[in-house]
Every structure is written in C-alpha cells, then in structure tokens.
Amino acid sequence: MLTFLLRRVAAGALLLFVVSLLSYLLLSVPHLDVGRQLLGQSAAQDAVDAKNAALGLDRPVLAQYGDWLAHALRGDLGTSWYTSENVTDAVAGRLPVTLSLMLGVTLVTTVASFALGVWAGVRRGAVDRLVQLLGVVGYALPGFLVTLVIVLLFAVRLNWFPAIGYTAFGDSPSGWLSTIALPVVSLSLASVAGVSQQVRGAVIDTLRQDYVRTLRARGLPPHRIVLRHVLRNASAPALSVLGMQFVGLLGGAVLVEQIFRLPGIGSMTVTYTTRGDIPVIMALVMLTVVGVVLVNLLVDLLIGWLNPKARTA
C-alpha cells in the first residue's frame, strides 16, 4: 500500500509539473499588453513598459515560469495583476461555493444512480427499459436547456427556491441549502443518467456469476445477496465513472454558476481567463489538477477495498 501511494504521489507531482508548464506556455502565446490594459489606452508608453517590467513580463517566458514555480513551491501563488488581491485568498474565498456544488452533485448522483441501477438490474423487464429510457433522455437533453427549465419552473413560477445568489452555510444552513438545490439538481441529471447505466450493467453481469447461483441455492434472502455481495462487486465500474464525473463537474459548474450567479470557481475561471490574469488562472489550473489526482487516488483506494482482486493487482 505504501509503495502504491508513493507511486501515485510521484505520478501526480509529474503531472502537476507538466500541466503547469504547458499551461503557462499556452497562456503566454496570445501576448497581451497587460501594462496597457491596466493603465489605460491613454497611458504613456514608458509607463506601460515600466508596468510590464514590474510584473516581470519583459523576461523570456521560461524565466517567468521558473519564477512562478519557485514561488508556488513555497506556497506563494502571487497576486492578481488586475485586482492586486492575493491569489490564494481569492481562490479560497470562492472554493466553498464550488465544493458545495460538487459534493452535493456527487451525493445525489451516488444515491440516485445506485438506486436506479440496482432496481433495473434486479427487476429487469419494464423497470429496466424505463431506467434505460431515462438514461438516454438524460444524456440527450442539453444541459443549459434543462437548467433554464428548472429555473423557470421551480424558481420563477413556483417560487420554491431563489433563482440567483448564494448564501454561505455559516450564515444560514437553510438558506445555503435553498441556494444550491437547483444548481445541484441541474448538474446531477446527466451524471445520474451515465452512472446508473454502469451500475445496471454491472449488477446484471454480477447476478450471472456462479457464486450468486450458489448463494441462492443455499437459501440466502435475495435482498441480502444483492446488498452484501452483488452491490459490493458491482460498485467498481460505477465508482470509476463517478470519479470521472466528479472531475468533469468543474466544466459544468462554469455554466451553472453563470446562470445562478454563484461566486464560485467556475465563474471565477471565466472572468479571469478573459482578462488574461495568469497568476489566478495558473492557481485554478493547479487546483483542478490536484483535484483530479486526489479523486483518482480515492477511487482506486475504494475499489481496492471493495474488490480484493483489484487490491492485489
């Protein structure tokens, strides 16, 4: 186990370095006159050049990256070029919003997907066809259209939830729940459609195994066979897909946070990318890579715990 963890940490560190280098190079390709944007179009060229030099933009790109990397390794992600705000504080202030969305979507997706997948895999027949139909519909409907319909129905017409805005959990737990309910539902639909199909297929394959027939022959209750044996062995492929869904939620969060006016990482990414604020963008890229590494590591550990064969491999 220790060797496995060390290998994954080393691979994650290498991935972090490669992605950070490529991201910095790509961000520096469309050379923006940052000094001109900060000082205005009427600023003198000498003042613009001095501003660019103060930001270190007059040096080669690799030298700029080396300086950024050296500071990042010490925990210093720099300051925003446009707001002069500490990057770590800026990201930390918005991170709870996006984490609330992602954890909420993961919880809803896990519960709904396993419930639907097991139901379809065990019952088969009309129930199975209904769950498959729901999966196809969930994939086919555009995410932005589903989000708009949810807002119009539950926020505008029924007035059950606020249409926009965010309330921190510390300020009001009930207000926090009401502000993330609709975004979580809109992001969960496509995830449930995908993961439930994986659970369904894995349950059907597991039910055909010889050991399940043996358990039935011994007279074990069907619910005990499903909950203690089938579900445990069928969880591995679903967890892999669930991990990928969790990582991909950041892309969906960009759209949802824009629609619901949530001050999270998604909306922050759009704002600072259009400005070309490299220190903030690099921090967001690194946060995403670290999230990918941690989620994949957690999924591997869970699969190893559920499946001893995977643990041995």
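Just so we're clear, the structure is a prediction, and the values are computed from it rather than from any experiment.

Turning our eyes to something else, we now look at the overall build of the chain. Looking only at helices and strands, the chain features 13 helices and 0 strands. In terms of principal-axis extent, the alpha carbons of the chain reach across some 85 × 55 × 35 Å. In the chain, which comprises 313 residues, the share counted as buried stands at 36%. Considering only contacts in the chain between residues 6 or more positions apart, those separated by 24 or more positions represent 72%. Summed over all atoms, the accessible surface of the chain reaches about 17,200 Å², with 67% contributed by carbon and sulfur.

All right, on to the packing of aromatic side chains then. The tally for this structure, following the rule as stated, stands at 6 aromatic pairs. Measuring from ring centre to ring centre gives 5.2 Å for Phe 169 and Trp 176, while their planes differ by 90 degrees; the resulting arrangement is edge-to-face. Note on Phe 169: relative accessible area 48%, which makes it partly exposed. An aromatic cluster is present here, built from Phe 17, Tyr 24, Tyr 65 and Trp 68 joined pairwise through their rings.

Applying the stated criterion to the full structure yields 3 salt bridges. For the salt bridge of Asp 67 with Arg 59, the shortest nitrogen-to-oxygen distance reads 3.8 Å. The partly exposed category is assigned to Asp 67, whose relative accessible area is 34%. Its salt-bridge partner being Asp 210, residue Arg 213 comes within 2.7 Å of it at the nearest N-O pair. Residue Arg 213 and its partner Asp 210 are both found in helix H9 (residues 210-217); the two are separated by 3 residues, about one turn of the helix. Judged by its relative accessible area of 45%, Arg 213 is partly exposed.

Bringing the confidence of the model for the chain into the picture now. A residue-level look at the chain finds 94% of positions with pLDDT of 70 or above and a mean pLDDT of 82. Here helix H13 (residues 308-312) stands out as the element of the chain with the lowest mean pLDDT, 53, in contrast to helix H4 (residues 61-73), whose mean of 89 is the highest.

Relative to the elements of secondary structure, Gly 201 occurs in helix H8 (residues 173-207). Given a relative accessible area of 21%, Gly 201 falls into the partly exposed group. Sequence separation between Gly 201 and Gly 117 is 84 residues; the distance between their C-alpha atoms is 7.8 Å.

This next bit is on a nonpolar patch on the surface. A cluster of nonpolar side chains, contributed by Trp 119, Leu 130, Leu 133, Leu 134, Val 137, Leu 141, Phe 144, Leu 145, Leu 148, Val 149 and Leu 255, occupies part of the molecular surface with about 970 Å² of accessible area. Here Val 137 shows up in helix H6 (residues 125-140). A residue is classified by how much of its surface remains accessible, and Val 137, at 38% relative accessible area, is partly exposed.

Attention now moves to unusual backbone geometry. Positive phi values are uncommon outside glycine, yet Asn 159 reaches one of about 55 degrees. By the secondary structure assignment, Asn 159 is in the loop between helix H7 (143-157) and H8. For Arg 261, which is not glycine, the phi dihedral falls at a positive 55 degrees. Structurally, Arg 261 can be placed in the loop between helix H10 (222-260) and helix H11 (265-275).

Bringing the packing of helix H5 (residues 87-123) against H6 into the picture now. One way to put it is that H5 packs onto H6 with a least axis distance of 7 Å and a crossing angle of 145 degrees. Between H5 and H6 lies a crossing whose hand is left-handed. For the pair H5 and H6, contact is made by Leu 116, Trp 119, Ala 120 and Arg 123 and by Gly 125, Val 127, Asp 128 and Val 131, respectively. Residue composition of the contact of H5 with H6, grouped by class: 5 nonpolar, 1 polar and 2 charged.

How each quantity is defined
Residues numbered from 1 in each chain as written. Predicted model: local features only at pLDDT ≥ 70, side-chain atom pairs only at ≥ 80, totals over all residues. Heavy atoms only, no water. Helix = DSSP H or I, 4+ residues; strand = E, 2+ residues; numbered from the N terminus. Buried < 20%, exposed > 50% of the residue type's maximum accessible area, 1.4 Å probe, protein only. Contact = heavy atoms within 4.5 Å. Areas by Shrake-Rupley, 256 points an atom, 1.4 Å probe, with all protein chains shown as cover. Phe/Tyr/Trp six-rings, centres within 6.5 Å; stacked < 30°, edge-to-face > 60°. Salt bridge = Lys/Arg side-chain N within 4 Å of Asp/Glu carboxyl O. pLDDT = per-residue confidence, 0-100. Patch = residues over 30% accessible without salt bridge, like charges linked within 9 Å, V, L, I, M, F, W, Y side chains within 5 Å. Axes fitted to C-alpha atoms, helices over the stretch in contact; angles between N-to-C directions. Left-handed = near helix turned anticlockwise from the far one by under 90°. Nonpolar A, V, L, I, M, F, W, Y, C, P; charged D, E, K, R; others polar.

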